[in-house]
Amino acid sequence: MTRVVLPAHLRALARVSGEVEVAGATTQAAVLDGLEARYPALRGTMRDPRTGRRRAFVRFYACSEDLSHEPPDAPLPEAVVRGAEPFLVIGAMAGG
Amino acid sequence: MAGVRVLVGTRKGAFVLTSDEGRRSWTVDGPHFGGWEMYHLKGSPVDPDRIWASQSGGWFGQVVQRSDDGGRSWDPVGNDFSYAAIDGRQDAGTHQDFDGTAKPWAFQRVWHLEPSLTDLDTVYAGVEDAALFKSTDGGASWTELAGLRGHGSGPQWQPGAGGLCLHTLLLHPTDESRIFAAISAAGAFRTDDGGASWLPINKGLLSGEIPQQEAEVGHCVHNLALHPDRPDTLYMQKHWDVMRSDDAGGSWYEISGDLPTDFGFPIDVHAHEPETVYVVPITSDDFHVPPDGRLRVYRSRTGGGEWEPLTRGLPQEHCYVNVLRDAMAVDRLDECVVYFGTTGGQVYCSPDGGDTWDAIVRDLPAVLSVEVQTLS
């Protein structure tokens, strides 16, 4: 079970508080697929609904690493897959 | 009891201002969607409890919200604005970028939501990059009315400074197959068949910023307005020039008259006087503030040409705010009240058609849009 931490705006859209969980996800794309299936309001907010490209000011972190530029189908760290570490969706630093 | 609900979109959230028919005492509710840019909110004429809201931001993109209880609660609906393939292509094609190169059409945000006058679940969305979408299922899905981009001149459209945006939609009051749209910086367009085919309606416009001043397209139209009793008469605030058409956009003539400057963004018509028009002159295209630091609404009671400044209750010194294109509205109670919001966060209303003004609120985030629902 992958634990996911969403930023405040996306928690509000999904109407959740705290971490959420996605079952059986071993890749970044699978995590996003699972999130969008469970919380349809998140569709289009993290990646383009047509191309699947990550939105420019969204970042994905885990295990103190920036996974944003990893291919969507690259395996997630084992600690994330087994739920020991969370997968973080971050609104990037932007603005002055 | 009758009353009004004023829907205010700002750079950092939405606000709902309510009052009874006296419109002297106001309740301010918000921010809704705090931190998001709320480009536009508008209520359905079919059921005023149905309100649509465009919520967007640089981080998380576009969300469309719908309320079915007058703005007390909201639910996100569909936000997939996929452009149609046009001109026999496999993709959406291209438009011109600022530098003249061909740029693929790409959805950015919803500028304007226009609910159907007759069907609760039908709503139109004007978007950037300039295109028109329609939902007939309460916002769950959106389909492009691609005849607009595909009518012929689409590949030549270029963005204005605010982007290539379809920002104005007017529905004919009795014939919803006729729709008027305005795009910066392409011009005004009309469909007479519900959006299947479109005509540029820019004859008579002159724009010094383009190589052919009288070109069929390429004009930076800022806003359009009409009175429902005279739907063939259109008023236009162009980049420069205030214009009028008496033949549904077939031709335009200038009505700037004695305005101190004819640059501006919003234009609107009194609810009960089709020849009474309001604009807010702005100094120039590179200085978006009121002339001389004095915030003045100008009113014409003659359908344009002759204008009077309306100043009582508005700051007449050191005022350097702007009033954006969707930030003026009128209510339809017996005594029509005029409303507008500023980039300084004030929302003003005039209970006497513009003679005097008072601020409902003064310190909101920059106001992007103001719409009014008249409640019975």
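The preceding data block contains the structure.
Calculation rules
Residues numbered from 1 in each chain as written. Chains lettered and ligands numbered in written order. Predicted model: local features only at pLDDT ≥ 70, side-chain atom pairs only at ≥ 80, totals over all residues. Heavy atoms only, no water. Pairing = 2+ DSSP bridges. Helix = DSSP H or I, 4+ residues; strand = E, 2+ residues; numbered from the N terminus. Contact = heavy atoms within 4.5 Å. Axes fitted to C-alpha atoms, helices over the stretch in contact; angles between N-to-C directions. Salt bridge = Lys/Arg side-chain N within 4 Å of Asp/Glu carboxyl O. Buried < 20%, exposed > 50% of the residue type's maximum accessible area, 1.4 Å probe, protein only. Buried area = accessible area lost by both parts, 1.4 Å probe. Polar contact = N/O pair within 3.5 Å; in protein donor to acceptor, adjacent residues only side chain to side chain. Nonpolar A, V, L, I, M, F, W, Y, C, P; charged D, E, K, R; others polar.

### Things to note about the sheet that holds strand E1 (residues 2-5) of chain A
All names here are of chain A. One open sheet holds the five strands; their spatial order is E2-E1-E5-E3-E4, and the pairing between them is mixed. Of all the strands in the sheet, just strand E2 (20-22) and strand E4 (65-66) have a single pairing partner and so form its edges. Relative to strand E5 (residues 87-91), strand E3 (residues 58-62) runs antiparallel, the two sharing four bridges. Counterpart to Arg59 in the pairing with E5 is Ile90. The sheet contacts of helix H2 (residues 28-38) involve E1, E2, E3 and E5, and relative to E2 the element is tilted by about 120°.

### Side note on the pattern of salt bridges
A pair can form between side chains of opposite charge whenever their charged atoms are brought close. All names here are of chain A. For the coordinates displayed, the defined rule picks out 29 salt bridges over all chains. Its salt-bridge partner being Arg47, residue Asp33 comes within 2.5 Å of it at the nearest N-O pair. You can see Asp33 sitting in helix H2 and its partner Arg47 sitting in the loop between H2 and E3, a full 14 residues away along the chain. By relative accessible area, Arg47 is classed as buried at 12%.

### So, the interface of chain B and chain A
Each side of the interface is counted separately: chain B has 19 residues, and chain A has 17 residues. Between chain B and chain A, roughly 1300 Å² of surface is buried when both sides are summed, and carbon and sulfur atoms account for 56% of that area. At the boundary of chain B and chain A, one finds two salt bridges. For Arg50 of chain A, the salt bridge identified is with Asp80 of chain B, shortest N-O distance 2.7 Å. At the boundary of chain B with chain A, the tally comes to eight residue pairs in polar contact (both at pLDDT 80 or more). Residue assignment for the side of chain B that touches chain A shows that the elements contributing at least two residues are strand E5 (51-57), strand E6 (61-67) and strand E7 (75-76) of chain B. Looking at the side of chain B that touches chain A element by element, the count peaks at three residues for E6 of chain B. For the side of chain B that touches chain A, the per-class residue count stands at eight nonpolar, nine polar and two charged.

Just geometry here; none of it tells us what the structure is for.
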